Amino acid sequence: MLNKVLKFSKRHLAKTISWRIIGTFDTMILSAIITGSWQLGLTIGGLEVITKMILYYFHERVWYNSSLINPNHRHIIKTFTWRGLGTLDTVLISFLLTGDAVLGLQIGVVETVSKMVLYYVHEKLWYRINFGLDR
């Protein structure tokens, strides 16, 4: 039992890291474009590395225990639940760093679209990878 838990934890950790790399670059670039400051873009993205990895790891654990079997529905629903959490995190961090709620919302809205597409592709790729699975 412990071995099984550790295997799946490795998978979730690997998915967390791979997604965070993709997500961080997206956040940095979009934040820099919207704020007009590469320094702010890098800072927002840098803070999100920590907060999003924690949120993503727990999101993965919850979904692993989910009974939703159909992979197409699962990937779509999982995409939306993650994006909701991720957008809220982005808006809060952006607002705290810029002091401007409108900028925070702008970054969050643009990111919602870009990240949903990126996340869906990420999920589909990981669904095909057997790392950490017994199948």
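Refer to the structure presented above.
For the structure given in this document, a descriptive report is provided here. Quick caveat: nothing in here was measured; it's all calculated off a predicted structure.

About the thresholds
- Residues numbered from 1 in each chain as written.
- Predicted model: local features only at pLDDT ≥ 70, side-chain atom pairs only at ≥ 80, totals over all residues.
- Heavy atoms only, no water.
- Helix = DSSP H or I, 4+ residues; strand = E, 2+ residues; numbered from the N terminus.
- Rg over C-alpha atoms; globule rule 2.2 N^0.38 Å.
- Salt bridge = Lys/Arg side-chain N within 4 Å of Asp/Glu carboxyl O.
- Buried < 20%, exposed > 50% of the residue type's maximum accessible area, 1.4 Å probe, protein only.
- Axes fitted to C-alpha atoms, helices over the stretch in contact; angles between N-to-C directions.
- Left-handed = near helix turned anticlockwise from the far one by under 90°.
- Nonpolar A, V, L, I, M, F, W, Y, C, P; charged D, E, K, R; others polar.
- Contact = heavy atoms within 4.5 Å.
- Polar contact = N/O pair within 3.5 Å; in protein donor to acceptor, adjacent residues only side chain to side chain.

As a further point, take the overall build of the chain. Along the chain, the regular secondary structure elements total 4 helices and 0 strands. Along the chain direction, N to C, the helices and strands of the chain fall in the order α-α-α-α. The globule rule puts the C-alpha radius of gyration for 135 residues at 14 Å, and the 16 Å found for the chain is close to it. Dimensions of the chain along its principal axes, counting C-alpha atoms only, are 50 × 25 × 20 Å.

Now for the pattern of salt bridges. Taken as a whole, this structure holds 9 salt bridges when the rule is applied. One salt bridge in this structure joins Lys-115 and Asp-26, with 2.8 Å as the shortest N-O distance. Of the two residues, Lys-115 sits in helix H4 (residues 101–128) while Asp-26 sits in helix H1 (residues 2–35), which places them 89 residues apart along the sequence. Each member of the pair, Lys-115 as well as Asp-26, is classed as buried. Linking Lys-52 and Glu-48 is a salt bridge whose minimum nitrogen-to-oxygen distance equals 2.9 Å.

The next thing to look at is the packing of helix H2 (residues 38–64) against helix H3 (residues 71–98). Two elements in contact, H2 and H3, have axes separated by 9 Å at closest approach and are oriented at 145°. Here H2 and H3 pass one another in a crossing that is right-handed. In terms of residue class, the contact of H2 with H3 is made up of 12 nonpolar, 8 polar and 6 charged.

Let us look at the environment of Ser-114. Within the element layout of this structure, Ser-114 appears in helix H4. Separated by 93 residues in sequence, Ser-114 and Ile-21 have C-alpha atoms that sit 14 Å apart. When sequence neighbours within four positions are dropped, the list of residues in contact with Ser-114 reads Asp-26 and Leu-30. For Ser-114, the side chain forms a polar contact with the main-chain oxygen of Glu-111, separated by 3.3 Å.

Everything listed is a geometric property; what it means functionally is a separate question.
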